[in-house]
Amino acid sequence: MSAHPFSQVDVFASGPISGNPVAVVHAAQDVPDDRMASFARWTNLSETTFLLPPAHPEADYRLRIFTPGAEIPFAGHPTLGSAHAWLAAGGEPREPGRLRQECGLGLIDLRIGADATIAFAAPEFVRTGEPELIDLHGALAALGIGEERLFAANWIDNGPGWLGLHLDSAQTVLGLEPDFAALGDLKVGVLGAHPAGGPADVEVRAFCPAYGVPEDPVTGSLNAGFARWLIPAGDLPEDYTAAQGTALGRAGRVSVTSADGEIWVGGATASTITGTVEL
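Residues numbered from 1 in each chain as written. Predicted model: local features only at pLDDT ≥ 70, side-chain atom pairs only at ≥ 80, totals over all residues. Heavy atoms only, no water.

Colleague: Please explain the pairing of strand 3 (residues 48-52) as it appears in this structure.
Modeller: In regular strands, side chains alternate between the two faces of the sheet. Burial of strand 3 is extensive: five of the five residues sit out of reach of the surface. Where burial is concerned, the two faces of strand 3 agree: the one with Thr-48, Phe-50 and Leu-52 and the one with Thr-49 and Leu-51 are both buried. In this structure, strand 2 (residues 20-25) lies alongside strand 3, joined through three bridges in parallel fashion. Residue pairing in the sheet places Val-25 in a bridge with Phe-50 of strand 3. In this region the chain leaves strand 2, passes through helix 1 (residues 33-43) and returns to the parallel neighbour strand 3; the handedness of that crossover is right-handed. With five bridges joining them, strand 3 and strand 4 (residues 61-66) adopt antiparallel strand pairing. Paired with Phe-50 across the two strands is Arg-64, which belongs to strand 4. (Buried < 20%, exposed > 50% of the residue type's maximum accessible area, 1.4 Å probe, protein only. Helix = DSSP H or I, 4+ residues; strand = E, 2+ residues; numbered from the N terminus. Pairing = 2+ DSSP bridges. Right-handed = clockwise from strand over helix to strand, strands pointing away.)

Colleague: Explain the nonpolar core to me, please; I cannot follow it from the model alone.
Modeller: Proteins that are soluble and globular tend to have nonpolar side chains buried together. Grouped together as the largest cluster of nonpolar side chains are 47 residues, with contacts concentrated most on Tyr-61, Leu-110, Phe-120, Phe-226 and Tyr-240. If one sorts the elements of this core by residue count, helix 6 (residues 220-230) sits on top with six residues. Dropping the residues within four chain positions of it, Phe-226 is found in contact with Ile-156, Gly-164, Leu-165, Gly-189, Val-190, Leu-191, Val-204, Ile-231, Leu-236 and Tyr-240. Membership of the second largest hydrophobic core comes to 19 residues, among which are Leu-136, Ala-153, Val-173 and Leu-176. (Core = buried A, V, L, I, M, F, W, Y, C linked by side-chain atoms within 4.5 Å. Contact = heavy atoms within 4.5 Å.)

Colleague: Would you mind going over helix 1 with me for this structure?
Modeller: Given 3.6 residues to a turn, an α-helix orients residues that are three or four positions apart in the same direction. Taken together, the buried positions of helix 1 are Met-36, Phe-39, Ala-40 and Thr-43. Each buried residue of helix 1 sits inside an arc of 100° when the element is viewed along its axis, so together they form one side. Helix 1 presents Asp-34 and Trp-42 as exposed residues on the side facing more than 90 degrees away from its buried surface. Where helix 1 is buried, its residues meet strand 1 (3-11), strand 2, strand 3, strand 4 and strand 18 (269-278). Directly beyond the C-terminal end of helix 1, a positive phi value near 60° is found at Asn-44. (Arc of directions from axis to C-beta.)

Listed below in structure tokens is the structure:
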């Protein structure tokens, strides 16, 4: 057992403790893989991350990301929360105002705003295209909705394995009561538009029981996938705000902006717990 600096960071929050927390273990290069997985199960958060020295010469740090059920190559809210924790612990970026994270998906670019908010560049898909009917029908049945509520479906997998469903309204999204057992191994994200004057432009929900997370409170990778799919299709504007977590009593807000030839996904980050952890 050894002591490691520890942070818990609230990500995509619109107020105090209203977003999605991530547990961050610093200087974790001596933590064995099985201990990382065990600690992630113990925290029982959507993700727990481990900061390590970079192996790639262009990276500022390396990040490993665990859900309670598996290690995954990339996730959005852990990327932002871990960047916040690394900077708060005294990390010095190689390039002012920019960060480069090394993770299982490769290198992820981040930018730091004048107001200290952090955003990551939405990564390219590792899988895309229309789903097979067996997957689509299985997802719709597990969500308890018919095809008349569906505008479009696409694989928007940037690491975690998301199947994206564009639904007819935010009201439909918020009314879903999924059968998590019926989802099986599917990781399904849903998006629907709010009417003008609503709390945000769109409402998003993420269901991933195979990772030990029946519903994720606020999900950066899923929002990045929807943006990469629906902005070029003309179904979402280049800049918009997504609400997520409403059904769980959270008030997450995800900012999507298009600039410098990239789609940037960002939001507020705040340290809520700091200390040490024995691992």
